[in-house]
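Below, each chain spelled out in residue letters.
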Amino acid sequence: MTVRNRRTKRDAVIKQYLLGGYTLASIAKFTKISPTRVGQIRNLLLESGELVEIPHTNPRTYVDPHAHALGSELLENDGGVEMNGLTRDGSQVRDVSHIRDSLPPNGRLPMGMVNAHISGRISMTVRKKGDFKDIQGTNGLYIGYWEREGSGGKGKIHRRGHLRLFRQDLTVNFYESTKGTMEFYVNPGRVYYYPSKVKRQQVIDYIIERCLYMASTLRANGWQVTDPQLPAKYQLHRGKENDPLATLIPPRYHDEGQVITSDTSPDYLETEIENADDERLIEIYADTPNAIKDLEGIASACSSDIERMKAEILGLKDIIQLQGESITSLTGNVSMLVKAMTEMTTLQISFANRRYSEFTGEGYQ
């Protein structure tokens, strides 16, 4: 991997303008440095590997290969990649640090974050056809391969390329007709972002930038691929891997508004919102794991209370049963006592009747 030399603050600013798509003349105007000197700094950045130029772009487009390096130690521990660019009017730095290339190494989606991907195929223009050897990438490291040639239908040949980037398996598809017409499609995978911090168009711009970077990794194989184009009727899908809400939604179910569905296509259960334009809805959706977690905590506490009450009721039942047995035993004793007293009273009356004659009052004055 190319070792980056120490750069001045001025060099860093010029690098950000170049990443933002500005021409040398515009950068010279903003920084009050001569266009010749700006060009020299640009060349130094290219030679040192700080920047990679995307071929056949006008104005010239650059990417930072270190920000996207496969397995790079420059990635943050949580999987985030901080990338700064500039707004088109040069007024401020465009902070997209809340967009990330991959999930953290632990594979868990942070709270408040969603993934995003484009539906359909993103096409690119083939300026020059390269070879189909193993893909080495911009830093010379192995990052992928091409499958064997297959049929693409209607007389076309088809080659699928696999790229291991951003902890994801990304693909490109190349078609060529018998007349030499070439088609190239890119699947840039998923990006991850916080809807509360990043707007929809920023996410789309980031995905386009990734397509350009994927194309740049094929340069070592002789390819020149440019101009990514979104499908005519594309949708921006937002989803959450292993979302607790997915356990409550049947697979492939759509709600009444055709908004939220569950999906198992990535080999794990996730929920997904398809092309919602309401940014506030996406923010609420991103925070639903928190709400479900709170509800689960409340349910767990209620369950514990119920179990404790059940135990108390069972204890009371045992006590009542013992009391009932005692009362039954006592009732039997009382019955026997009453019977004995009744029999004794009967005997006393009988004895008195035999010993004393019936009193009539005769002979008494």
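Everything discussed here concerns the structure shown above.
Residues numbered from 1 in each chain as written. Predicted model: local features only at pLDDT ≥ 70, side-chain atom pairs only at ≥ 80, totals over all residues. Heavy atoms only, no water.

With that settled, consider the packing of aromatic side chains. For the structure shown, the criterion picks out 9 aromatic pairs. Measuring from ring centre to ring centre gives 6.0 Å for F132 and F174, while their planes differ by 45°; the resulting arrangement is tilted. Of this pair, F132 sits in the loop between strand 7 (122-128) and strand 8 (144-146) while F174 sits in strand 11 (residues 168-176), and the two are 42 residues apart along the sequence. Judged by its relative accessible area of 0%, F174 is buried. Both rings, one in F184 and one in W223, keep their centres 5.8 Å apart while their planes meet at 55°; by these two values the pair is tilted. With F184 in strand 12 (residues 182-187) and W223 in the loop between helix 4 (200-216) and strand 14 (224-229), this residue pair connects regions lying 39 residues apart in the sequence. This pair shows no difference in class: F184 is buried, exactly as W223 is. A connected cluster of aromatic rings, assembled from ring pairs, spans F132, W146, F174, F184 and W223. (Phe/Tyr/Trp six-rings, centres within 6.5 Å; stacked < 30°, edge-to-face > 60°. Helix = DSSP H or I, 4+ residues; strand = E, 2+ residues; numbered from the N terminus. Buried < 20%, exposed > 50% of the residue type's maximum accessible area, 1.4 Å probe, protein only.)

All right, on to the packing of helix 1 (residues 9-19) against helix 2 (residues 24-31) then. Interhelical geometry of helix 1 versus helix 2 gives an angle of 140° and a closest axis separation of 10 Å. Accordingly, the angle class assigned to the pair helix 1 and helix 2 is oblique. The handedness of the crossing between helix 1 and helix 2 is right-handed. Along its contact with helix 1, which presents V13, I14, Y17 and L18, the element helix 2 presents L24, I27, F30 and T31. For the contact of helix 1 with helix 2, the per-class residue count stands at 7 nonpolar, 1 polar and no charged. (Axes fitted to C-alpha atoms, helices over the stretch in contact; angles between N-to-C directions. Parallel < 35°, antiparallel > 145°, perpendicular 65-115°, else oblique. Left-handed = near helix turned anticlockwise from the far one by under 90°. Contact = heavy atoms within 4.5 Å. Nonpolar A, V, L, I, M, F, W, Y, C, P; charged D, E, K, R; others polar.)

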